[in-house]
Amino acid sequence: MDTKNLSPKEIELLNRITTVGAQKAALVLTKMTGINIDVSFPEMSVMDVENFFQSEETENRIVGFVFCRFSGEVDGFAGLLLSEESVLKVLKSFYGKEVPSIDQMDDTDYSGVKEVGNIIIASFLNALSNTYGITAMPTVPDVAIDYSTSIFQEFSLMLLNENKDNLVSFKTQLITQRGE
């Protein structure tokens with residue numbers, strides 16, 4: 001975890017935002033599905049966008065990535081990375097749909113993943129806004145299913161093009177009562 005440029009107070013505040021955002025997302029998803037969802041926070045890190053390519057998350061594998069811009073008193077990009085296994089679990093748990101593999105998703109499946117991503121991203125942005133008393137309004141998110149290297153390369157270029165050189169990463173795990 002590269003947080004050397006953050007003060008202990010800033011790290012504590014980011015962890016609090018993570019907790020509040022994920023708890024609100026879990027609550028919304030629990031109400032949406034009727035399945036009790038809990039949250040854990042294995043890790044939070046801050047890194048340079050250029051160093052992102054050397055991280056474990058950039059291993060070349062097929063992933064789902066929900067992303068959007070946000071603007072207001074602060075602006076930037078938000079993204080949600082889902083492993084192939086997580087994408088399939090989202091579709092099964094939240095939509096009752098068995099999809100044999102991520103490359104066999106149809107338009108409805110993409111919409112489902114996008115909606116879950118929208119709920120999670122919006123919950124984090126609401127927690128950020130409420131904590132700092134600012135506005136951070138997301139655009140309608142988009143979703144990409146592709147190899148992680150391609151997705152991260154495009155996302156990094158978007159960030160660098162907007163002079164965003166730092167990336168804050170919150171690893172959050174949503175756990176269903178059924179263990180899915």
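Quantities reported herein were computed from a predicted structural model and do not represent experimental measurements.

**Looking at the overall build of the protein chain**
Along its length, the protein chain carries 4 helices and 6 strands. Residue burial in the protein chain is summarised as follows: out of 180 residues, 39% are buried. Of the contacts made within the protein chain by residues no fewer than 6 positions apart, 74% connect residues no fewer than 24 positions apart.

**Details of the side chain of Ser 101**
With respect to the helices, strands and loops of the structure, Ser 101 is situated in the loop between α2 (84-95) and α3 (107-132). On the basis of relative accessibility, which here comes to 16%, the residue Ser 101 falls in the buried class. Excluding residues that lie within four positions of it along the chain, Ser 101 makes contacts with Glu 84 and Leu 88.

**Re the packing of helix α1 (residues 8-33) against α2**
For the pair α1 and α2, the least separation of the axes is 9 Å and the interaxial angle reads 55 degrees. Taken together, the axis directions place α1 and α2 in an arrangement best described as oblique. Residues Leu 29, Met 32 and Thr 33 of α1 form the contact with α2, whose own contacting residues are Ser 93, Phe 94 and Tyr 95. Among the residues forming the contact of α1 with α2, the class breakdown is 4 nonpolar, 2 polar and no charged.

**Side note on unusual backbone geometry**
One non-glycine residue, Asn 163, lies in the positive phi region at around 60 degrees. Relative to the helices and strands, Asn 163 is located in the loop between α4 (148-161) and β6 (166-176).

Cut-offs and rules
- Residues numbered from 1 in each chain as written.
- Predicted model: local features only at pLDDT ≥ 70, side-chain atom pairs only at ≥ 80, totals over all residues.
- Heavy atoms only, no water.
- Helix = DSSP H or I, 4+ residues; strand = E, 2+ residues; numbered from the N terminus.
- Buried < 20%, exposed > 50% of the residue type's maximum accessible area, 1.4 Å probe, protein only.
- Contact = heavy atoms within 4.5 Å.
- Axes fitted to C-alpha atoms, helices over the stretch in contact; angles between N-to-C directions.
- Parallel < 35°, antiparallel > 145°, perpendicular 65-115°, else oblique.
- Nonpolar A, V, L, I, M, F, W, Y, C, P; charged D, E, K, R; others polar.

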